[in-house]
2 protein chains.
Amino acid sequence: MPQRAALLAIGDEVLRGEISNTNAAFIAERLFDLGYEISEQIVVSDEPQAIRAALVRLRAEADVIIATGGLGPTEDDRTVDVVAELLATGTHADEPSLEAMKKRFSTHGFEMTPNNLRQVRIPHDGRALPNAAGIAPGFMVRLGGAEAFFLPGVPREMEKMFTDEVVPRLAHRLAETGGPLLATRTWHLYGMGESHIDHRLAGILTGVEGATLHFRTSNPVNHVKLVVRLPDAADARATVEKVDAELRKRIGPGIYGIDGETFPAAVAKALRAQEATLAFAESCTGGLAGEIVTSEAGATAFFRGSVVAYADEVKTGVLGVKPETITDFGAVSEPTAREMAEGAKRVCGSSVAVAITGVAGPAGGAPDKPVGTVCFAICGPGTTRTSTKLFAGGRERVRIAAAYYALDLARRYFDTRKR
Amino acid sequence: MPQRAALLAIGDEVLRGEISNTNAAFIAERLFDLGYEISEQIVVSDEPQAIRAALVRLRAEADVIIATGGLGPTEDDRTVDVVAELLATGTHADEPSLEAMKKRFSTHGFEMTPNNLRQVRIPHDGRALPNAAGIAPGFMVRLGGAEAFFLPGVPREMEKMFTDEVVPRLAHRLAETGGPLLATRTWHLYGMGESHIDHRLAGILTGVEGATLHFRTSNPVNHVKLVVRLPDAADARATVEKVDAELRKRIGPGIYGIDGETFPAAVAKALRAQEATLAFAESCTGGLAGEIVTSEAGATAFFRGSVVAYADEVKTGVLGVKPETITDFGAVSEPTAREMAEGAKRVCGSSVAVAITGVAGPAGGAPDKPVGTVCFAICGPGTTRTSTKLFAGGRERVRIAAAYYALDLARRYFDTRKR
């Protein structure tokens, strides 16, 4: 029998849509990876009767309940009281959490209010879960047939507590109930649509026992996740490797990384392997390509900088694009992109440079250069190469697509040069 | 009696956390603004019995149900069949949707498959809701005591259909049931923490009838939303204006806009009012300030460009920072920021320029310049001004905080110069 887990988010802010329930995706994905079946996600208000009704229902349906929210210091935070009442018991201050709070407050010279004392309480029958990133402890408690975990609603606090305190207990619990063992891998892909990927992977799991594939699009990249559940852990890992080999054969260089590897990290790896340095000349992206490439630490090792030449005067004045190139071919043209890239390489002193100039929209399109038209150039040790793409979607989507395309040109520059 | 609305999301991808349920926040916020009370949000799997159980429960609890997902072409898309079964009726193809699909397919030269025919079906008792952004129509149907709306799960399609087809019907419905009339305003704030705002606004609604205030933080900006529900629309609007005047008195220039006004739009407005042009010199932000300022169309009117001087050689070579300034004071220093700003103004030919140079982390901190230290300079027609800030949080948070701070310097430059 699969172990069923249900998620409960408590709070008016989520219920009314003032904030998105991102906690649910974080928790659900990890529960699913552990091997739990997710039965339901619910969001209810701060009202005690709503919280109570949800818990009464879920304890009859699920083996595990993960609840978030309602543990704060204010009168709106009712979770502890509702659970205590449901168990016909009282509450007490969790000593370690109280001590940690006192220490924290005295360090910062804050005064404690009675409300602060509220938030370190847990129900008598509960076991406290320490909050390494905040004040209010979580707690776990038996609710009817279900093991229930109550966590803070603040994502930073919840994520730390869930990872450190809940995941090990849930993994142990599943092992005890004889659940299957699990291995997963996620491949990250750039440059292919979902239906194209789907087509290339058709039948890849035929005859592969205990395995499922899951697709996720996070425009403009795609993620393919393999989940293998088998009674034996070594078998599960071997299945992952077998599917990995087949998947790489079918997809090729569209795979830029696996699991925790990000797109900027893949760009960094490819350039550092060649001891290359990088610069951008950006127009319609306004700085986005540089922003992505520096979003992870360590960019100093290969990234020189960018010239964001939004105005034509900056293209000519800083990058040395010839005014007649812009007059003859337009600011959005391969000849302009070429001179922008060569200018960026020269002024930033990099070994490789990529230029982006396009029409992000919504205005500025022309019959021969509709909105979404973006011209690129990449120059390096060899010949400069130019290309033009037409991206779909609104301004934001076009800009993201253009920046990723530019980064991918840099990532694959040394591969494609060899061919 | 308040009208109660419940949200149901159908689909394994959301349930398992592969995608976040952002639809719920979109819908809930608009329902709440219309004047509905949100009773619950639920996410269930694609399984017919799970969908059925959720609908049976919600039709007894809510006056309005908004369901999303499960309307696609695949075998996993079961919503139409479950609803038809629940109503003991059959399904038929919605003619206008079928015609639109045929036209769309013949334009692109695609062939229709039997699966495509599946997705234009609706239950016999339903009224179709056209899908202006996709293929599958939505539908509305009476389920017990509730009016239920079934919409596609793809956000772009759902948002269009909800806005065009559902909102007018729900507003009409509420007016008919004699619900209160509503006026809202949202103020967008920069440069103040939530607790600081809370403190300044304490008691602002004392004696103000039918009004509630809601806070939302979207780091580093905050949003304060006023919702007024009164029997008379003119009274509701007058209350909004009254609170607006008081709120502006209490908050001052920290308010950068209301309702649909964005932060980059506020920057654009302030600069264009002075016929000023803008350039950035960015280091640790990698291009983010330029990216934000160009995220909305129309930046061409005032934004010249940026020099992203990530490497010190770009600071000296392109921006003309003196090597001894970096040697003597460091790359992260006010003297370096000053020369960066002045260099960006000169090479980009702008009337105002802002420089950002800091330690975004996680590495690179020093005792006198810990991670989060960012130096700024702004130069324009008058004297160059420099400042240093220490931002909290990880790399991403520090970079966002630094970019917003730089944009705010530009936004307030002409105000503060006058003082």
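### Here we look at the sheet that holds strand β6 (residues 127–129) of chain B
Each strand in a sheet pairs with another by means of backbone hydrogen bonds, the pair being arranged parallel or else antiparallel. Strand order across the open sheet formed by 12 strands is β6(A)-β7(A)-β8(A)-β3(A)-β1(A)-β2(A)-β2(B)-β1(B)-β3(B)-β8(B)-β7(B)-β6(B), with mixed pairing between neighbours. Of all the strands in the sheet, the pair left with one neighbour each is β6 (127–129) of chain A together with β6 of chain B. With direction set aside, neighbouring strand axes in the sheet form an average angle of 20 degrees. Bridge count between β6 of chain A and strand β7 (residues 138–143) of chain A: three bridges; the pairing is antiparallel. Residue pairing across strands places leucine 129 of chain A opposite glycine 138 of chain A, the latter belonging to β7 of chain A. Those strands touched by helix α3 (residues 48–61) of chain A are β1 (4–10), β2 (37–44), β3 (64–68), β7 and β8 (146–151) of chain A together with β2 (37–44) of chain B, and its axis lies near 170 degrees from that of β2 of chain A.

### Focus on the interface of chain A and chain B
A common way to express how large an interface is: the accessible area buried when the components associate. With 55 residues of chain A at the interface, the matching set in chain B holds 55 residues. Summed over both sides, the interface of chain A with chain B buries roughly 4300 Å², with 53% coming from carbon and sulfur. On the chain A side of the contact with chain B, Arg16, Gln41 and Tyr310 of chain A bury the most area, a combined 14% of that side's loss. Counting every contact that joins chain A to chain B gives six salt bridges.

### Remarks on the environment of arginine 78 of chain B
Residues and elements named next belong to chain B. When you line up the elements, arginine 78 lands in the loop between β3 (64–68) and α4 (79–86). Arginine 78 sits in the partly exposed class, given a relative accessible area of 28%. Taking the C-alpha atoms as reference points, arginine 78 and glycine 144, separated by 66 residues in sequence, lie 20 Å from one another. Apart from the residues lying within four places of it in its own chain, the contact partners of arginine 78 are Asp46, Pro48, Ile51 and Gly70.

### Comments concerning the state of the cysteines
Residue and element names in this part refer to chain B. Taken as a whole and judged by the stated rule, the model has zero disulfides over all chains. Not part of a disulfide, cysteine 284 finds its nearest cysteine sulfur in cysteine 375, a span of 9.3 Å. You can call cysteine 284 buried: its relative accessible area is 5%. Among the cysteines around cysteine 348, which has no disulfide bond, cysteine 379 carries the closest sulfur, lying 11 Å off. Residue cysteine 348 is classed as buried on the basis of its relative accessible area, which comes to 2%.

### Examining the sheet that holds strand β17 (residues 385–390) of chain B
One open sheet accounts for 10 strands, arranged β17(A)-β16(A)-β15(A)-β13(A)-β14(A)-β14(B)-β13(B)-β15(B)-β16(B)-β17(B); its pairing is mixed. Edge positions in the sheet fall to β17 (385–390) of chain A together with β17 of chain B, since each of these pairs with one other strand and no more. Across the sheet, the axes of successive neighbouring strands diverge by a mean angle of 15 degrees, strand direction being ignored. Across five bridges, the pairing between strand β13 (residues 278–282) of chain A and strand β15 (residues 352–358) of chain A is parallel. Bridge pairing in β15 of chain A links leucine 278 of chain A to valine 352 of chain A. Against the sheet, helix α14 (residues 334–348) of chain B contacts β13 (278–282), β14 (303–309), β15 (352–358), β16 (373–379) and β17 of chain B, and its axis sits at roughly 140 degrees relative to β15 of chain B.

### Observations regarding the domain arrangement of chain A
Residues and elements named next belong to chain A. For chain A, the assigned domains read domain 1 (4–176), domain 2 (181–258) and domain 3 (263–418). Put simply, the middle of domain 1 and the middle of domain 2, counted by C-alpha atoms, are 34 Å apart. Facing the six residues of domain 1 at the interface are six residues of domain 2. Of the roughly 460 Å² buried where domain 1 meets domain 2, counting both sides, 44% is carbon and sulfur surface. For the domain 1 face of the interface with domain 2, the top three residues by lost area are Glu29, Phe32 and Asp33, together amounting to 83%. In this structure, the salt-bridge partner of aspartate 33 is lysine 225, at a minimum N-O distance of 2.6 Å. Partitioning the side of domain 1 that touches domain 2 into residue classes produces three nonpolar, one polar and two charged.

### A short note on unusual backbone geometry
Among all residues save glycine, negative phi is the norm, and among peptide bonds the norm is trans. Residues and elements named next belong to chain A. Backbone torsion omega between glycine 361 and proline 362 reads 0 degrees, so that peptide bond is classified as cis. In this fold, proline 362 is placed in the loop between β15 and β16 (373–379). Positioned with a positive phi, alanine 88 is a non-glycine residue whose angle comes to about 50 degrees. As for its position among the elements, alanine 88 is in the loop between α4 (79–86) and β4 (91–93). By relative accessible area, alanine 88 is classed as exposed at 74%. Phi angles above zero are rare outside glycine, and aspartate 259 is one such case at about 45 degrees. Among the secondary structure elements, aspartate 259 is positioned in the loop between β12 (255–258) and α10 (263–273). Its relative accessible area of 37% is what places aspartate 259 among the partly exposed residues.

### Re α3 of chain A
In a regular helix each residue adds 1.5 Å, so 14 residues correspond to 20 Å; α3 of chain A covers 20 Å between its end C-alpha atoms and thus fits that length. Among the residues making up α3 of chain A, those that are buried are Ile51, Ala54, Leu55, Arg57 and Leu58 of chain A.

Criteria and thresholds
Residues numbered from 1 in each chain as written. Chains lettered and ligands numbered in written order. Predicted model: local features only at pLDDT ≥ 70, side-chain atom pairs only at ≥ 80, totals over all residues. Heavy atoms only, no water. Pairing = 2+ DSSP bridges. Helix = DSSP H or I, 4+ residues; strand = E, 2+ residues; numbered from the N terminus. Axes fitted to C-alpha atoms, helices over the stretch in contact; angles between N-to-C directions. Contact = heavy atoms within 4.5 Å. Buried area = accessible area lost by both parts, 1.4 Å probe. Salt bridge = Lys/Arg side-chain N within 4 Å of Asp/Glu carboxyl O. Buried < 20%, exposed > 50% of the residue type's maximum accessible area, 1.4 Å probe, protein only. Disulfide = S-S within 2.5 Å. Domains from an automatic or database assignment. Nonpolar A, V, L, I, M, F, W, Y, C, P; charged D, E, K, R; others polar. Expected span 1.5 Å × (residues − 1).

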